[in-house]
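Structural characterization, general
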Amino acid sequence: MGISDQFKDKAQQLADQAKAKMDENKDPSKAKDRAQDARDQGQSRAQDARDDAEDRFDH
């Protein structure tokens with residue numbers, strides 16, 4: 001297999017991944033789930049940061 005074949009294979013893999021991501025993003029229910037997950041993670045991180053700050057300043 002030549003180097004040009006390797007580049008073509010890699011380019012095809014990347015194109016397939018991009019198409020799969022685009023198709024995934026078209027589903028509104030998945031987008032809503034991702035938004036909910038992101039919000040939950042943000043709230044969790046904020047709570048962790050608040051707890052850490054309280055621990056640092058309480059001592």
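Cut-offs applied
- As a convention, each chain's residues are numbered from 1 in the sequence order in which they are written.
- Local features in a predicted model are, by the rule used here, given only for residues with pLDDT of at least 70; side-chain atom pairs are given and counted only at 80 or more, and totals for whole chains, interfaces and linings are based on all residues.
- The basis for every side-chain value is the complete set of non-hydrogen atoms in the structure, without hydrogens or water.
- To qualify as a helix, a DSSP run of H or I must reach at least 4 residues; to qualify as a strand, a run of E must reach at least 2; elements of each kind are numbered from the N terminus.
- A 1.4 Å probe rolled over the protein chains alone gives each residue an accessible area, and that area as a share of the maximum for its type sets the label: buried under 20%, exposed over 50%, partly exposed in between.
- Surface exposure here means Shrake-Rupley accessible area, sampled with a 1.4 Å probe, where a residue is shielded only by the protein chains that are shown.
- Under the counting rule used here, the positive set is Lys and Arg, the negative set is Asp and Glu, and His together with the chain ends is not counted.
- Charge coordinates come from a single atom per side chain, which is NZ of Lys, CZ of Arg, CG of Asp or CD of Glu.

This brings us to the overall build of the protein. The number of helices and strands found in the protein is two helices and zero strands. With the principal axes as the frame, the protein shows a C-alpha extent of 65 × 30 × 10 Å. Relative to its 59 residues, the protein shows a buried fraction of 0%. Counting only carbon and sulfur atoms, one obtains 52% of the accessible surface of the protein, whose full area is about 5,400 Å². Placing the 12 positive and 15 negative side-chain charges of the protein at their respective mean positions leaves the two points 8 Å apart.

The next thing to look at is the environment of A35. Position of A35 relative to the elements: it lies in helix α2 (residues 28–58). C-alpha of A35 to C-alpha of Q6: the two residues are 29 residues apart in sequence and 37 Å apart in space.

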